[in-house]
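For reference, the chains in residue letters:
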Amino acid sequence: MSLNPIEVDPPVATALVHEPTPIFKDENITVFGIHLPPQSPADPVSALESNTSNMPEEPSTSRSKRKRSPSPKSSSKRQQVDETASDSANTSNSFMSTSLQGSFNKSNFSPYALIGDDAKEWLRLTIENMFPKMPPTPDEKKGRKGKKAKKVEESETVQPGFGGARHNKLVWHKERQLPKFVPSISNSSDPAMRETLCYVVVGPRYRGRFDPEKAEALGLEKQNRAKVCKGETVTFKVPDEKGNMIERTVRPEDVIGASEPPQVILILDVPSPAHIPDLTTAFETNPLYSRLHSKKIEDKNEYSVHVIYHMCGPRVLEDPRYKSFMNGFADSVHHVVASREHAPDPLTFTSVGGIQLKLNKLDSDMFPIPYYRLKPEKELSSVSGLPPSVTLMQANLHTDCRPVKPPQLLDVTDNFHPYATGEKSIPLSKPVLGAFRRSRSRSRSPSPSRAANEPGQDVVVVPLGTSSAAPSKYRNVSSTLIQIPNYGNILLDAGEGTWGQLIRFYGDDPDHKSGVWEFLRNLKCIFVSHAHGDHHIGLIKLLAMRKQLRVPPTSPLWVVSLHPILLYLQEFSDLEDLGLNSPDGNGVIPVLSDALSWRPARKYLGGVASENQPWLDQNKSRALARDMCESLGLSDFVTVDVDHKVRCYGSVIKHKDNWSIVFSADTKPTNNLVRAGEGATLLIHEATMGDDQADAAKEKAHSTFGQAIEIGRKMEAKNILLTHFSARYPRLPPASMQDNTTWAVALDHAKIRIADIPKLRAYIPAIKRCFQEIEDDEDEVETQNTATWGD
């Protein structure tokens, strides 16, 4: 991957009197950054823009205490840390400064122990090792046209000085903790303590229109017209009224209309009223920003601010200072406001909600209606003194900057809200209603193999994400919730968007007493199987939201995962308080999944020192896991190494009430699960591919539907729930209904009691029929919705 990470540093004091330096620029846009520090500084200079396009050779003299490495000068060249490094006797480490080499060559070397310039250098070298590949040069781009283009040799794409010695040396330390990051202030979850960056996006200046009639009247010939269009003034001879030749000078403005000023977009992230003074100071003192924050015609002719996106934290929009700031812009500016206090909370992906509404008519307990709110806490109209053109930010709000148009909602079909509110009847065709009746009839037939008093039947499984790798229209990425009555909740994986899925399932509560906040208080274990992003990227958000609980939890949250994931949490905690090892004992407690393995686990590459990482003490991790089991009523929590392309663990969860759940994670069929999970009450197994894709599944280290069911048979699992479906099956995966095994297909936001697995299986024909009708409709018109992972 060719990637150029640019860190935007706080500005230096001299920025007050200078035009800002872009943080990004190409032929279409120029982007400037306005840094808002986490607390109001005594000197207003701190709020001015960041100068990062051309980084200084020496670290910035910022007032901030943030200790980070300087960014590279450009995307095609990267700075050497210390030009004197070549003087070192140790030539194998010549990419390092002499000071860092001295620490690196010690037998007890620890990156975590580095401080000052050595720490900053280590961070920069780490980033360079993560992204060593260079963007292609212009000559390389010319030679890469079409599929037959010649590939650039690896030696040509790696930065100068990035030899095997450097890579081999650092790779042995990649699983060790980075030097401690020292933020400018405490990493509190208080919005006032957030450090943010606002953006000023400036478009190109367009030349005015050429007037051929004026050119003709002035006698401007073709060769001179081209020069004038390039901005040149031309002089030539033309005959006057009497036929005498005279000189005539034509300037560009004689035949070209006035140029069109650049359109400007502002994106302002203002988390709290405490950030307002720094923002307003930037627009009062900086030469460029003061011209944007103006009602003068001459300033508008220079830069035309078209739209401002205000991301307002609590109490910001109603603050008199912020309203005064908004009114300082020209009256023609459009203000788009995102404020949770003043906005409703509708579903973004209404097709998903529409399906859930229909399935709710099939079984209202198994398919609850997603949470939504159409009435804001406060009406925007109740806020007095706002500028003339204010619009609430919402999904599908589109703004054209050229030609200039006001923000407009795209014409997207709403498949949920009119039906959820009763404004329209839920469209259920006769074939679908018939399929519902037949499925309900089949579901009432008792299962001959199921005893009414069998343990674990009241345990609830809620699939929050059943897609693999990337989200699809009806499925988010991996996450499965286990609700154990009277004990608490376990979350198996947490892909991106898991928090949004939980809010839609449980509902929100501003007072944090119920809904998703009550869920967080009862969440006692998150198990992350492996380090692929679709299984863990949502983890940080969950921990950050738990830290914001106004009614604190009364027990810890144990996070069971691999060392790289736990290390990631530890390092991220330097930036944001995630509640790790909270003094009250009810914070987040890391547990190493390798320590809970059913058999001795493989060691990590090069070994890992236990520097500030208590989970690496496997005996301590096992002791912590025993505490977790006691809290959840479990008799054991075992991890099982499975067969994936990276280190990956499944899990076996055994309860004192004599039921068990086996979770496969991502894997090819493996007998490890069969042996470790024999006789499971429920097997939750990935089924990424259809049975006709066995070769593809093997290549990608995944399982087919049939292979997953076969593992359940070998295990003698009483129930099987299939999940983690490829995006090639966006609605319902093609599973055969011929065998008699008690298995079912997971759907996002279904609420499935283990006792109801046979019922869900009986519903599959009706669910399939429901999706078929949607498929017929969607094949005619492609939706215009665009989305990120999760709702």
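Structure shown above.
Report follows, based on the coordinates. What you are looking at is a predicted structure, and each value in this text was computed from that prediction instead of being measured. (Residues numbered from 1 in each chain as written. Predicted model: local features only at pLDDT ≥ 70, side-chain atom pairs only at ≥ 80, totals over all residues. Heavy atoms only, no water.)

### Quick notes on the sheet that holds strand E15 (residues 523-527)
Right, on to step 1. With respect to topology, 7 strands assemble into an open sheet ordered E17-E16-E15-E14-E13-E12-E24, the strand pairing being mixed. With one partner strand each, in any of the chains shown, strand E17 (588-592) and strand E24 (752-753) form the two edges of the open sheet.
Right, on to step 2. Of the pairings in the sheet, the one linking strand E12 (residues 460-465) to strand E13 (residues 479-484) comprises 5 bridges and is antiparallel in character. By the bridge assignment, Val461 is partnered in E13 with Ile482.
Right, on to step 3. Seen against the sheet, helix H21 (residues 618-632) touches E13, strand E14 (488-492), E15, strand E16 (557-561) and E17 and runs at an angle of roughly 120° to E17. (Pairing = 2+ DSSP bridges. Helix = DSSP H or I, 4+ residues; strand = E, 2+ residues; numbered from the N terminus. Contact = heavy atoms within 4.5 Å. Axes fitted to C-alpha atoms, helices over the stretch in contact; angles between N-to-C directions.)

### Description of the sheet that holds strand E18 (residues 634-641)
Right, on to step 1. Spatially, the 6 strands line up as an open sheet ordered E18-E19-E20-E21-E22-E23, and their pairing is mixed. Each edge of the open sheet carries a strand with a single partner, namely E18 and strand E23 (743-745). Strand-to-strand twist in this sheet, taken as the mean axis angle between neighbours without regard to direction, amounts to 15°.
Right, on to step 2. Relative to E23, strand E22 (residues 720-723) is paired through 3 bridges, and the arrangement is parallel. Of the residues in E23, the one forming a bridge with Leu721 is Ala744.

### Side note on the pattern of salt bridges
Right, on to step 1. Counting across every chain of the model gives 24 salt bridges.
Right, on to step 2. Where Arg225 meets Glu216, a salt bridge forms, and the shortest distance between an N and an O atom there is 3.3 Å.
Right, on to step 3. The exposure class of Arg225 is partly exposed, given its relative accessible area of 22%.
Right, on to step 4. Residue Glu216 is classed as exposed on the basis of its relative accessible area, which comes to 57%.
Right, on to step 5. Between Asp331 and Lys295 there is a salt bridge whose closest N-O contact spans 2.9 Å. In this pair, Asp331 sits in the loop between helix H12 (320-327) and strand E8 (334-339) while Lys295 sits in the loop between helix H10 (287-292) and helix H11 (297-302), placing the two residues 36 residues apart along the sequence.
Right, on to step 6. Among the residues examined, Lys295 registers a relative accessible area of 46% and is labelled partly exposed.
Right, on to step 7. Here the salt bridges do not stand alone but share partners, grouping Arg251, Glu253 and Asp254 into one network. (Salt bridge = Lys/Arg side-chain N within 4 Å of Asp/Glu carboxyl O. Buried < 20%, exposed > 50% of the residue type's maximum accessible area, 1.4 Å probe, protein only.)

### As for the packing of helix H9 (residues 276-285) against H12
Right, on to step 1. It is the contact of H9 with H12, at a shortest axis distance of 10 Å, that shows an interaxial angle of 25°. By the angle between their directions, the pair H9 and H12 is classed as roughly parallel. Of the two elements, H9 crosses H12, and the hand of that crossing is left-handed. Contact residues: Ile276, Pro277, Leu279, Thr280 and Phe283 in H9; Arg321, Tyr322 and Phe325 in H12.
Right, on to step 2. Considered class by class, the residues forming the contact of H9 with H12 number 6 nonpolar, 1 polar and 1 charged. (Parallel < 35°, antiparallel > 145°, perpendicular 65-115°, else oblique. Left-handed = near helix turned anticlockwise from the far one by under 90°. Nonpolar A, V, L, I, M, F, W, Y, C, P; charged D, E, K, R; others polar.)

### Points about the nonpolar core
Right, on to step 1. Counting 78 residues, the largest nonpolar core has Phe637 and Leu721 as its most contacted members.
Right, on to step 2. Among the elements that line this core, the one with the most residues is helix H25 (residues 757-780), at 9 residues.
Right, on to step 3. The contact partners of Leu721, leaving out residues within four places of it in the chain, are Val461, Leu682, Leu683, Ile684, His685, Ala744, Val745, Ala746, Ile752, Ile757 and Leu760.
Right, on to step 4. Leu520, Leu523, Ile526 and Leu557 belong to the second-largest nonpolar core, a separate cluster that totals 37 residues. (Core = buried A, V, L, I, M, F, W, Y, C linked by side-chain atoms within 4.5 Å.)

### Overview of the packing of aromatic side chains
Right, on to step 1. Enumeration over the complete set of coordinates arrives at 18 aromatic pairs.
Right, on to step 2. The interplanar angle of 65° and the centroid separation of 6.0 Å between the aromatic rings of Phe705 and Phe725 together place this pair among those described as edge-to-face. Remark: Phe725 occurs in the loop between E22 and E23 and Phe705 occurs in helix H24 (residues 705-715); sequence separation between them is 20 residues.
Right, on to step 3. On the accessibility criterion, Phe705 (3% relative accessible area) is buried. (Phe/Tyr/Trp six-rings, centres within 6.5 Å; stacked < 30°, edge-to-face > 60°.)

### Topic: a positive patch on the surface
Right, on to step 1. On the surface, Arg437, Arg438, Arg442 and Arg769 cluster together into a positively charged patch.
Right, on to step 2. Positionally, Arg437 belongs in helix H15 (residues 430-443).
Right, on to step 3. We classify Arg437 as exposed; its relative accessible area is 54%. (Patch = residues over 30% accessible without salt bridge, like charges linked within 9 Å, V, L, I, M, F, W, Y side chains within 5 Å. Areas by Shrake-Rupley, 256 points an atom, 1.4 Å probe, with all protein chains shown as cover. Lys, Arg positive; Asp, Glu negative; His and termini not counted. Charge placed at Lys NZ, Arg CZ, Asp CG, Glu CD.)

### Remarks on the packing of helix H19 (residues 539-547) against helix H20 (residues 563-572)
Right, on to step 1. Interaxial distance between H19 and H20 falls to 11 Å at its minimum, and their mutual angle equals 45°. As the angle between them shows, H19 and H20 are arranged oblique. Remark: the crossing between H19 and H20 carries right-handed chirality. Residue-level inspection shows Leu539, Ile540 and Leu543 of H19 in contact with H20, the latter providing Ile565, Tyr568, Leu569 and Phe572.
Right, on to step 2. Partitioned by chemical class, the residues of the contact of H19 with H20 number 7 nonpolar, no polar and no charged.

### What to know about the side chain of Ser443
Right, on to step 1. Note on placement: Ser443 falls in helix H15.
Right, on to step 2. Residue classification places Ser443 among the buried residues on the basis of a relative accessible area of 18%.
Right, on to step 3. The residues contacting Ser443, other than those within four sequence positions of it, are Lys759, Ala762 and Tyr763.

### Considerations on the pairing of strand E2 (residues 30-36)
Right, on to step 1. In terms of residue burial, E2 counts as a mostly covered element, since 7 of its 7 residues are buried.
Right, on to step 2. Residues Thr30, Phe32, Ile34 and Leu36 point to one face of E2 and Val31, Gly33 and His35 to the other, with burial holding for every one of them.
Right, on to step 3. Both strand E1 (residues 24-25) and E2 contribute to a ladder of 2 bridges, which runs antiparallel. Bridge pairing links Phe24 to Val31 in E2.
Right, on to step 4. Counting the residues that bridge the hairpin from E1 to E2 gives 4 residues.
Right, on to step 5. Pairing between E2 and strand E3 (residues 196-202): 7 bridges, direction antiparallel. In the sheet register, Leu36 faces E3, and the bridge partner there is Thr196.

### Brief notes about the environment of Phe104
Right, on to step 1. The residue Phe104 is located in helix H1 (residues 98-104) in this model.
Right, on to step 2. On the basis of relative accessible area, Phe104 is assigned to the buried category, the value being 9%.

### Let's talk about H19
Residues separated by three or four positions in an α-helix point in the same direction, a consequence of the helix having 3.6 residues per turn.
Right, on to step 1. Of all 9 residues in H19, 7 are buried; the element is thus mostly enclosed.
Right, on to step 2. Among the residues of H19, Leu539, Ile540, Leu542, Leu543, Ala544, Met545 and Arg546 are the ones counted as buried.

### Quick look at the environment of Ile661
Right, on to step 1. Locating Ile661 in the fold gives a position in strand E20 (residues 660-663).
Right, on to step 2. A sequence separation of 19 residues divides Ile661 from Ala680, and the C-alpha atoms of the two residues are 5.9 Å apart.
Right, on to step 3. Setting aside residues no more than four positions away along its own chain, Ile661 makes contact with Val459, Ile482, Ser651, Val652, Ile653, Leu682, Ile684 and Ile754.

### Notes on unusual backbone geometry
Right, on to step 1. Cis geometry is adopted by the peptide bond preceding Pro403, which originates at Arg402 and carries an omega value of -5°.
Right, on to step 2. Locating Pro403 in the fold gives a position in the loop between strand E10 (397-398) and strand E11 (408-409).
Right, on to step 3. One non-glycine residue, Asn658, lies in positive phi territory at about 75°.
Right, on to step 4. Among the structural elements, Asn658 can be located in the loop between strand E19 (649-655) and E20.
Right, on to step 5. The exposed category is assigned to Asn658, whose relative accessible area is 64%.

Remember, this is a structural readout, not a statement about activity or role.
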